[in-house]
Amino acid sequence: MQTVAVIDYGMGNLHSVAKALEHVGAGRVLVTSDAKVIREADRVVFPGVGAIRDCMGEIKRLGFDELVREVSADRPFLGICVGMQALLERSEENDGVDCIGLFPGQVRFFGKDLVEEGERLKVPHMGWNEVSQAVKHPLWHDIPEHARFYFVHSYYIEAGKPQQVVGRGHYGKDFAAALAEGSRFAVQFHPEKSHTHGLQLLQNFAAWDGRW
């Protein structure tokens with residue numbers, strides 16, 4: 001049976017992610033902060049919630065920035081929400097925070113005065129939103145174009161390489177909802193909270209060989 005390591009650095013909604021992975025039959029799901037266990041896993045999930053400064057502080061304290069670079073290079077790897085943002089080069093949250101830098105680009109604030117068609121939009125962006133599939137990818141298997149996923153975020157991805165954007169969202173402005181390169185895939189939304197389509201994405205991840 002394959003193993004899926006959910007990286008525990010104290011800043012993620014780990015229980016619901018693990019339960020969703022178990023629900024789709026992903027294999028033996030291990031919520032762990034043990035670097036040896038993470039290195040030995042067949043696939044790795046990197047969730048995150050909260051302020052990026054706190055997240056990156058713990059990630060670097062534990063040496064998980066280097067660990068994430070290592071394990072995401074040679075096996076299926078999924079970043080979720082702040083776990084996705086941490087993979088970028090830098091976030092402007094908390095007056096600027098350097099991140100892991102696996103994907104070029106910046107994490108930007110939606111702003112306090114986000115307006116569209118004369119309507120002021122609430123920040124954080126919280127709720128269901130459509131995702132357009134910019135590129136065909138194995139993790140989109142059996143998920144319809146413009147499927148709706150659940151988002152909770154005040155900051156969005158401004159990708160440095162447009163070709164890495166495999167899913168797009170819109171909330172007052174266009175943003176990268178999913179990034180991918182090689183065996184790495186990352187999403188701004190919460191698949192574990194996104195019902196049918198989110199569970200399908202996790203099932204696809206469990207079956208994915210990391211090639212694209």
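Residues numbered from 1 in each chain as written. Predicted model: local features only at pLDDT ≥ 70, side-chain atom pairs only at ≥ 80, totals over all residues. Heavy atoms only, no water.

- The name given to the protein chain in an unreviewed UniProt entry is Imidazole glycerol phosphate synthase subunit HisH, with the source organism recorded as Pseudomonas berkeleyensis.
- The record in UniProt for the protein chain states the following under Function (unreviewed entry): "IGPS catalyzes the conversion of PRFAR and glutamine to IGP, AICAR and glutamate. The HisH subunit catalyzes the hydrolysis of glutamine to glutamate and ammonia as part of the synthesis of IGP and AICAR. The resulting ammonia molecule is channeled to the active site of HisF."
- Checking UniProt for the protein chain, the heading Subunit (unreviewed entry) contains the comment "Heterodimer of HisH and HisF." (UniProt positions renumbered as here; feature names shortened; annotations may be inferred.)

1. A few points about the environment of R148
Line of reasoning, step 1. Topologically, R148 is positioned in strand β11 (residues 147-153).
Line of reasoning, step 2. Residue R148 is classed as partly exposed on the basis of its relative accessible area of 41%.
Line of reasoning, step 3. In this structure, the C-alpha to C-alpha distance between R148 and T196, residues 48 residues apart in sequence, is 9.7 Å.
Line of reasoning, step 4. Each residue touching R148, except ones within four places of it in the same chain, is listed here: W128, N129, E130 and H197. (Helix = DSSP H or I, 4+ residues; strand = E, 2+ residues; numbered from the N terminus. Buried < 20%, exposed > 50% of the residue type's maximum accessible area, 1.4 Å probe, protein only. Contact = heavy atoms within 4.5 Å.)

2. Focus: the state of the cysteines
Line of reasoning, step 1. Counted by the stated rule, this structure contains zero disulfides.
Line of reasoning, step 2. The closest cysteine sulfur to the non-disulfide-bonded C55 is located on C81, 9.0 Å from its own sulfur. (Disulfide = S-S within 2.5 Å.)

3. Details of the UniProt feature "domain: Glutamine amidotransferase" (unreviewed entry) in the protein chain
Line of reasoning, step 1. Within this numbering scheme, the UniProt entry marks residues 6-205 as carrying the feature "domain: Glutamine amidotransferase" (unreviewed entry).
Line of reasoning, step 2. Helix makes up 24% of residues 6-205 and strand 34%, whereas the separation of the span's terminal C-alpha atoms amounts to 13 Å.

4. Topic: the sheet that holds strand β5 (residues 90-91)
Line of reasoning, step 1. If you walk across this open sheet you meet the four strands as β6-β5-β7-β12, and the pairing is mixed. Every interior strand has two partners, whereas the edge strands, β6 (97-98) and β12 (155-159), have only one.
Line of reasoning, step 2. Judged from the five bridges that link them, strand β7 (residues 105-109) and β12 form a sheet pairing that is antiparallel. Within β12, the residue paired with G105 across the bridge is A159. (Pairing = 2+ DSSP bridges.)

5. Some words on the pattern of salt bridges
Line of reasoning, step 1. Counting across every chain of the model gives 11 salt bridges.
Line of reasoning, step 2. With a shortest N-O distance of 2.9 Å, E70 and R39 are connected by a salt bridge. Of this pair, E70 sits in helix α4 (residues 64-71) while R39 sits in helix α2 (residues 35-40), placing them 31 residues apart in sequence.
Line of reasoning, step 3. Between E158 and R108 there is a salt bridge; the shortest N-O distance is 3.2 Å. Of this pair, E158 sits in strand β12 while R108 is found in strand β7, placing the two residues 50 residues apart along the sequence.
Line of reasoning, step 4. According to the relative accessible area criterion, R108 is partly exposed, its value standing at 26%.
Line of reasoning, step 5. Several salt bridges share partner residues, and in doing so they unite E92, R108 and E158 into one network. (Salt bridge = Lys/Arg side-chain N within 4 Å of Asp/Glu carboxyl O.)

6. With respect to the sheet that holds β11
Line of reasoning, step 1. Reading across from one edge, β2-β1-β3-β4-β15-β14-β13-β10-β11 is the order of the nine strands in this open sheet, with mixed pairing throughout. Taken across any chain shown, the strands that pair with only one partner, and hence form the sheet edges, are β2 (28-32) and β11. Direction aside, the axes of adjacent strands within the sheet are offset by 25° on average.
Line of reasoning, step 2. Pairing geometry for strand β1 (residues 3-7) and strand β3 (residues 43-46), over three bridges, is parallel. Opposite V4, over in β3, you have R43 as the bridge partner. (Axes fitted to C-alpha atoms, helices over the stretch in contact; angles between N-to-C directions.)

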